[in-house]
Amino acid sequence: MSASYDVIIIGGGVNGCASAYQLSKSGKKVLLLEKERIASKASSAAAGMLGAQVEVNEAGPLFELAKESRSMFPQLQPELKELTGIDIELVQKGMLKLAYQEEEVLSVIETIAIQQKLGENADWISRDEVLKREPELGPGTLGAMDIPQDGHVNPEKLTHAFAKAAITLGADIKEFVEVYSLQEHNQAIVKVETSEGCYSGDSIVVTAGAWSKRILSGLGLSLPSYPVKGECFSVLTDKPVLESTIFTDSCYIVPKIGNRLVVGATMVPNTFSENVSIGGLASLMKEAIRTLPAIEHASFERTWAGIRPQTGDGLPFLGKHPTITNLFIATGHYRNGILLSPITGVLVASMINGTKLPEYMDAFGLDRIQNLQ
Ligand code: FAD
Ligand code: GLY
């Protein structure tokens with residue numbers, strides 16, 4: 001089978017689907033190839049937090065990227081709903097980052113000062129204020145960083161909404177098609193070899209998450225990246241027990257629609273195994289009960305794991321291949337791929353369309369690979 005496209009995207013997680021949407025919106029004829037189902041990997045395992053301030057706590061390009069992406073969600077929600085009928089379940093009820101030890105208090109206060117200096121909303125609230133806001137929390141906390149602007153979405157619905165919106169705008173999305181290799185000639189990818197034949201496209205984008213390294217290694221590029229497994233579980237409660245998302249050094253608890261609490265997540269580097277270990281689950285449960293004692297009486301729903309794509313320096317790769325002129329890479333979003341997906345889609349489309357890129361993009365370029373080996 002052979003067909004030609006403006007852009008071929010490899011990987012149907014949130015970042016591939018966001019890129020397919022923005023490229024289709026800009027008039028490109030897009031083909032997205034996914035070896036399993038759309039959102040079958042990290043993008044459905046995620047808790048869906050939009051933790052620009054809770055997850056990124058130092059000034060720099062990643063913080064800029066995260067803030068910009070977070071600010072896109074309020075507009076994206078109605079836009080995707082109108083195009084696809086899918087509600088991404090955006091909740092903007094803030095986050096509390098709890099401190100239990102004096103050292104955590106000092107570190108949180110330092111983060112608040114940095115973020116306030118950068119013009120962000122972040123305040124220290126005392127233990128009494130925390131418990132007034134969230135009376136079901138355990139008594140051990142010393143206080144919290146109050147982050148009104150970090151929220152959450154349903155990551156799986158977000159990914160499907162991007163995919164369906166792209167299809168509505170003319171993209172072809174093929175599930176259960178695995179990309180085996182990329183054929184290069186004269187510093188350009190001329191053929192994408194897959195489990196159902198070959199395709200060609202003017203531009204190729206690799207958004208295969210933790211599996212991007214395997215695809216690129218066939219071209220002699222050793223992407224400094226590695227997988228980090230995260231395990232989660234969810235419970236159902238009879239009535240709402242939390243308003244804000246709760247974040248601690250050992251776990252987070254995200255109050256989803258329908259009295260569902262998502263608890264995450266472990267960090268297990270260098271494995272592609274998606275099994276859930278009893279040890280991982282037990283440690284999460286212990287931390288969750290310490291944080292929110294009421295969870296002990298909730299009904300257990302399910303457990304799952306996903307593979308985060310981490311990079312050598314903790315920054316995603318968003319850029320052009322160093323020598324192959326029509327090959328673009330958008331991966332390495334690690335703990336924040338859901339948060340970063342709206343801006344990733346826009347930046348991938350800008351790179352391919354040759355429109356102006358923000359200055360911070362230099363920090364995410366592939367040129368830095370040589371310093372990370
Ligand atoms: P993926 O979702 O992994 O998608 C890559 C796709 O490429 C897969 O579907 C795969 O099947 C496909 N693929 C691979 N190889 C091939 C091939 N050869 N041919 C065709 N297709 C291929 N982020 C947040 O922002 N907020 C959170 O709260 C959050 N919580 C998380 C909790 C957990 C437990 C985990 C594991 C992650 C969490 N993340 C969170 C991180 C987030 O899930 C990831 O950063 C993001 O989903 C990565 O998306 P992606 O599209 O780059 O990769
Ligand atoms: N951002 C939450 C996680 O990766 O577990």
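Bear in mind that the values here come from a model prediction, so they are computed numbers and not experimental data.

Visitor: Account for the site of ligand 2, naming residues and giving values.
Guide: Around ligand 2 lies a shell formed by Met49, Glu55, Tyr252, Ala265, Arg308 and Arg335. With respect to ligand 2, the side chain of tyrosine 252 contributes an N or O atom lying 2.7 Å from an oxygen atom. Within the backbone of arginine 335, an N or O atom sits 2.8 Å from a nitrogen atom of ligand 2. Contact with the protein chains removes 89% of the 200 Å² of surface that ligand 2 exposes when unbound. Looking at side-chain class alone, the shell around ligand 2 contains 3 nonpolar, no polar and 3 charged residues.

Visitor: Residues and numbers for the UniProt feature "domain: FAD dependent oxidoreductase" (unreviewed entry) in the chain, please.
Guide: UniProt feature "domain: FAD dependent oxidoreductase" (unreviewed entry): in the numbering of this structure it lies at residues 6-350. Helix makes up 32% of residues 6-350 and strand makes up 30%, while its end C-alpha atoms are separated by 14 Å.

Visitor: Would you mind going over the pairing of strand β18 (residues 317-320) in detail, with residue names and values included?
Guide: In this structure, β18 lies alongside strand β19 (residues 327-331), joined through 4 bridges in antiparallel fashion. Note on β19: the bridge partner recorded for lysine 320 is phenylalanine 328. Linking β18 back to β19 in an antiparallel pair, the connection comprises 6 residues.

Visitor: Explain the layout of surface pockets to me, using residue names and the numbers behind them.
Guide: In this model, the second largest pocket occupies a volume close to 600 Å³. Lining the second largest pocket we find 35 residues, and of these Val54, Glu55, Val56, Asn57 and Arg335 sit closest to its centre. Every element with two or more residues in the lining of the second largest pocket is listed here: α3 (52-55), α4 (61-70), β4 (95-99) and α6 (102-117). Classifying every residue of the lining of the second largest pocket by side-chain character gives 17 nonpolar, 11 polar and 7 charged.

Visitor: Can you lay out the site of ligand 1 for me, pointing to particular residues and giving the numbers?
Guide: Surrounding ligand 1, one finds 40 residues, the nearest of these being Glu34, Ser43, Met49, Tyr334 and Leu339. One of the backbone N or O atoms of glycine 48 is found 3.1 Å from an oxygen atom in ligand 1. Here a nitrogen atom of ligand 1 sits 2.9 Å away from a polar atom, N or O, in the main chain of valine 179. With the chains in place, 99% of the 1,000 Å² that ligand 1 exposes on its own is no longer accessible. Tallied by class, residues from the shell around ligand 1 come to 20 nonpolar, 14 polar and 6 charged.

Visitor: Could you give me a rundown of the nonpolar core, with the residues and numbers involved?
Guide: Residues Ile9, Leu23, Leu65, Leu80, Val153, Leu158 and Phe162 are the most contacted members of the largest nonpolar core, which totals 50 residues. Elements represented by at least two residues in this core include exactly β1 (4-10), α1 (14-25), β2 (30-33), α4, α5 (73-84), α8 (155-168), β19 and α11 (341-353). Listed in part, the 28 residues of the second largest apolar core include Val206, Ala210, Phe317 and Ile369.

Visitor: So what about helix α10 (residues 278-291)? Which residues, and what values?
Guide: Between its terminal C-alpha atoms α10 stretches 20 Å, which fits the 20 Å expected from 14 residues at 1.5 Å a residue. Those residues of α10 not exposed but buried are Gly280, Leu281, Leu284, Glu287, Ala288 and Thr291. Taken down its axis, α10 places every buried residue within 135° of arc, on the same side. Facing away from the buried surface of α10 by more than 90 degrees, the exposed residues are Ile278, Gly279 and Lys286.

Visitor: Outline the packing of aromatic side chains, listing residues and values.
Guide: With the rule as written, the count across this model stands at 5 aromatic pairs. Ring centres of tyrosine 21 and phenylalanine 162 lie 6.1 Å apart, and the angle between their planes is 40°; on these two criteria the pair is classed as tilted. Here the residue tyrosine 21 occupies a position in helix α1, and phenylalanine 162 occupies one in helix α8, the gap between them amounting to 141 residues. Like tyrosine 21, the residue phenylalanine 162 is buried in the burial classification. Note on tryptophan 211 and phenylalanine 272: the rings are 5.7 Å apart at their centroids and 45° apart in plane angle, and the pair reads as tilted. Here phenylalanine 272 lies in the loop between β16 (268-269) and α10 and tryptophan 211 lies in the loop between β11 (197-206) and α9 (212-217), a separation of 61 residues in the sequence. For phenylalanine 272, a relative accessible area of 32% corresponds to the partly exposed category.

Visitor: Account for the side chain of threonine 344, with residues named and values stated.
Guide: With respect to the helices and strands, the residue threonine 344 is situated in helix α11. Of note is the side chain of threonine 344, whose polar atom sits 2.8 Å from the backbone oxygen of leucine 340. In contact with threonine 344, not counting residues within four places along its chain, are Asn15, Ser19, Leu318, Ala330 and His333.

Visitor: Run through α11, naming residues and quoting values.
Guide: Taking 1.5 Å as the rise per residue, α11 with 13 residues should run 18 Å; its terminal C-alpha atoms sit 18 Å apart, in good agreement. Of all 13 residues that make up α11, 11 are buried, and the element is covered over most of its length. Among the residues making up α11, those that are buried are Ser341, Pro342, Ile343, Thr344, Gly345, Leu347, Val348, Ala349, Ser350, Met351 and Ile352. Backbone geometry just after α11 places glycine 354 at a positive phi near 70°.

Visitor: Account for the pattern of salt bridges, naming residues and giving values.
Guide: Going through the model one piece at a time under the given rule, you end up with 19 salt bridges. The residue arginine 260 makes a salt bridge to glutamate 301 at a minimum N-O spacing of 2.6 Å. Pair noted here: arginine 260 is in strand β15 (residues 260-264) and glutamate 301 is in strand β17 (residues 299-311), with a separation of 41 residues, a long-range link. For arginine 260, a relative accessible area of 29% corresponds to the partly exposed category. Residues joined in a network through salt bridges with shared partners are Glu64, Lys67, Arg70, Glu120 and Asp150.

About the thresholds
- Residues numbered from 1 in each chain as written.
- Chains lettered and ligands numbered in written order.
- Predicted model: local features only at pLDDT ≥ 70, side-chain atom pairs only at ≥ 80, totals over all residues.
- Heavy atoms only, no water.
- Near = heavy atom within 4 Å.
- Polar contact = N/O pair within 3.5 Å; in protein donor to acceptor, adjacent residues only side chain to side chain.
- Areas by Shrake-Rupley, 256 points an atom, 1.4 Å probe, with all protein chains shown as cover.
- Nonpolar A, V, L, I, M, F, W, Y, C, P; charged D, E, K, R; others polar.
- UniProt positions renumbered as here; feature names shortened; annotations may be inferred.
- Helix = DSSP H or I, 4+ residues; strand = E, 2+ residues; numbered from the N terminus.
- Pairing = 2+ DSSP bridges.
- 1 Å grid on protein atoms, 1.4 Å probe; cavity = no way out; pocket = protein on both sides within 12 Å on 5 of 7 lines; lining within 4 Å.
- Points joined across faces, edges and corners; volume = space filled by probe spheres on them.
- Core = buried A, V, L, I, M, F, W, Y, C linked by side-chain atoms within 4.5 Å.
- Buried < 20%, exposed > 50% of the residue type's maximum accessible area, 1.4 Å probe, protein only.
- Expected span 1.5 Å × (residues − 1).
- Arc of directions from axis to C-beta.
- Phe/Tyr/Trp six-rings, centres within 6.5 Å; stacked < 30°, edge-to-face > 60°.
- Contact = heavy atoms within 4.5 Å.
- Salt bridge = Lys/Arg side-chain N within 4 Å of Asp/Glu carboxyl O.

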